[in-house]
Every structure is written in C-alpha cells, then in structure tokens.
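Residues per chain, in single letters:
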Amino acid sequence: MAFLIERLGLFPAYFTAVAFVFLRYLLLAGFFFFTFYIWKKQVFAKVKIQQRSPRRERVLQEVRDSLLTAFVFASVGLGIYFLRQAGATRIYLDPAAYGWWYLPVSFFLLTFLHDSYFYWMHRLMHNPRLFRLLHREHHRSDNPTPWTSLAFHPLESLVEIGIVPLAVIVLPFHPLVLLTFFFWAMFWNVIGHLGYEIFPGWFVRHPVFRWFNTATHHNMHHSRSGCNYGLYYNFWDYWMGTNHANYLSTFDEIKSR
C-alpha cells in the first residue's frame, strides 16, 4: 500500500488496492471454478463432495459479496499504512534486521496466529445473535464453491481480517511475509471452499499433513455447521474436540469412489 500511495496518491492507490484484491480473487477462484466445474467437471466428478450443483443465483451473489470484501480488505490495508506512518507498527524493511531465518518463522507465526484467532472468532460467530448479524450471509452457501471464499457480510470481512493490524502492531513482520501471507490466505480459502476433495487418500492420517484442513473438512462445516471451525490447520478442532465425528470416514468415502 505504501508503494502505491507514494506513486499514485491516496485515493488512486486505494482503488488500485481494491482492484488488486478483487482481481486476485477472480483469477484464483475463477481458475479453480473453471477447472473443476466446467472444463474437467467429468474428470473430477467422483471427488465432488456434494453431488448436487451449486445454484447459479447464489454464485452470482457470492461474487457481489466478494467485491464488498475487496473494499473492506483494502481499507484495512490503508489503515495499516497510516499506522505505520504514525510509527505504531513493527513492520521493517531490512530482512537482515531480524535475520533471514526469521522470515519463514514469522510467516508460520502469522498463519498460526490467524488460524487461532479465526477458530475462536468463528465459534463465537455461531452464537445465534452474532450469526444473524455477521455470519449468516456466508452460510447461505451450504454447497460452497471457490467463489464462496470471500463472500462475507462486510462486517464479517472486517472481523475476519481484524487480527492483521493487531499483529503488525505487536510483532515484527517484513512486507514480503505479509504479502505471502495474503496469497496463502486466499489460496487456502479457495481450497477450503472448492467443493472437491483434491488431497490424496493418505493425507488426513499423515503425521504432518493431517494437521492441515481439507476441502471436506470445511465443506462439512457449511453443510452441517456446529463443527470444523478451523481455517488452515486442524490443531484447534483436534484439541477442542470440534472435528465432526464423521470427518475421517466422510473423507475416506469420497476418496474411495
């Protein structure tokens, strides 16, 4: 954001950031939707988690919701810029300042922090009152597709990304780590909402990869709710006993078709 503002000015930079967020969404979600729902639909039919097709009108609403999310995310980016200008963040530019080893460590730290925040925030949003206010719009997609990945109510979008400004105030992060994180978050959101199980059958029992969530995991949250709250990792669902009891058997059934 700082780079854009310095070269374009405040408002052109803001709308460029909105366009960047939305274009990233269109390209990534569009690629996966075209591949799995149109081009190679028959090839991947066996690993479609829910056999029914998504409703066209719901998909169009998801794209409209996601445009609003792009405005919210860009606004938060603008807020981080002003915080940094005021000296309130710990964003640093010299990778050697904390050592090159700190770059991957800080990336994992940020993803784990966001995943932990998301888990507890997500569970809280399933409180009936908060659900109606914040989370119901996202759950209208009970048969999610890649287009669901950013389809939030604007207030939920703000809550979703709210941990990032807090993180850069408290912990040192290089802009490269933040940029990588935003691509990581978008990628896992699309995979979680893909509607197809693309991971191999051994994935959920591997000593390392079992701690990553799958499309089946999040799809069950959309279709059944009250379970499977995690975003990237399965740590908190495992520790808190909120994985659906049939998660592994559902995954196995899909992969055995």
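Reading the values: the criteria
- Residues numbered from 1 in each chain as written.
- Predicted model: local features only at pLDDT ≥ 70, side-chain atom pairs only at ≥ 80, totals over all residues.
- Heavy atoms only, no water.
- Axes fitted to C-alpha atoms, helices over the stretch in contact; angles between N-to-C directions.
- Helix = DSSP H or I, 4+ residues; strand = E, 2+ residues; numbered from the N terminus.
- Parallel < 35°, antiparallel > 145°, perpendicular 65-115°, else oblique.
- Contact = heavy atoms within 4.5 Å.
- Nonpolar A, V, L, I, M, F, W, Y, C, P; charged D, E, K, R; others polar.
- Polar contact = N/O pair within 3.5 Å; in protein donor to acceptor, adjacent residues only side chain to side chain.
- Salt bridge = Lys/Arg side-chain N within 4 Å of Asp/Glu carboxyl O.
- Buried < 20%, exposed > 50% of the residue type's maximum accessible area, 1.4 Å probe, protein only.
- Phe/Tyr/Trp six-rings, centres within 6.5 Å; stacked < 30°, edge-to-face > 60°.
- Lys NZ or Arg CZ within 6 Å of the ring centre and 35° of its normal.

Engineer: I'd like to hear about the packing of helix α4 (residues 102-125) against helix α5 (residues 128-139), residue by residue, with values.
Structural biologist: Two numbers describe how α4 lies on α5: the axes approach to 9 Å, and their chain directions differ by 110°. As the angle between them shows, α4 and α5 are arranged roughly perpendicular. Where α4 approaches α5, its residues His122, Leu124 and Met125 are matched on the opposing element by Leu130, Phe131, Leu134, His135 and His139. Considering only residue class, the contact of α4 with α5 consists of five nonpolar, three polar and no charged.

Engineer: So what's going on with the side chain of aspartate 237? Which residues, and what values?
Structural biologist: With respect to the helices and strands, aspartate 237 occurs in helix α10 (residues 235-240). Looking at aspartate 237, its side chain comes within polar contact range of the main-chain nitrogen of tyrosine 229, at 3.0 Å. Among the polar contacts listed, one links the side chain of aspartate 237 to the side chain of threonine 242, at a separation of 2.5 Å. Once residues within four sequence positions are removed from consideration, aspartate 237 is found in contact with Tyr119, His217, Asn228, Tyr229, Gly230, Thr242 and Asn243.

Engineer: Mind laying out the pattern of salt bridges, listing which residues take part and the relevant values?
Structural biologist: Any two side chains of opposite charge can pair, so long as their charged atoms come close to each other. Within the structure shown, the criterion is met by six salt bridges. Glutamate 137 is paired through a salt bridge with arginine 58; the nearest N and O atoms lie 3.2 Å apart. Remark: arginine 58 occurs in helix α3 (residues 56-85) and glutamate 137 occurs in helix α5; sequence separation between them is 79 residues. Residue glutamate 137 is classed as buried on the basis of its relative accessible area of 17%. We note a salt bridge from arginine 257 to glutamate 253, for which the minimum N-O separation is 3.1 Å.

Engineer: Tell me about the packing of aromatic side chains, and name the residues and values.
Structural biologist: Here the structure, examined in full by the defined rule, presents 46 aromatic pairs. Aromatic side chains phenylalanine 36 and tyrosine 196 sit 5.2 Å apart centroid to centroid with 45° between the ring planes, which places their arrangement in the tilted category. With a gap of 160 residues between them, phenylalanine 36 in helix α2 (residues 10-39) and tyrosine 196 in the loop between α8 (175-192) and α9 (215-224) connect regions that are remote in the sequence. Taken individually, phenylalanine 36 and tyrosine 196 each receive the classification buried, so the pair is uniform in this respect. An angle of 35° between the planes, with centres 5.5 Å apart, marks the rings of tyrosine 98 and tyrosine 102 as tilted. A relative accessible area of 33% places tyrosine 98 in the partly exposed class. A cation over an aromatic ring shows up here: arginine 24 above the ring of phenylalanine 183, its NZ or CZ 5.6 Å from the ring centre. Across the ring face of tryptophan 211, the terminal group of arginine 210 is positioned such that the distance to the ring centre comes to 4.4 Å.

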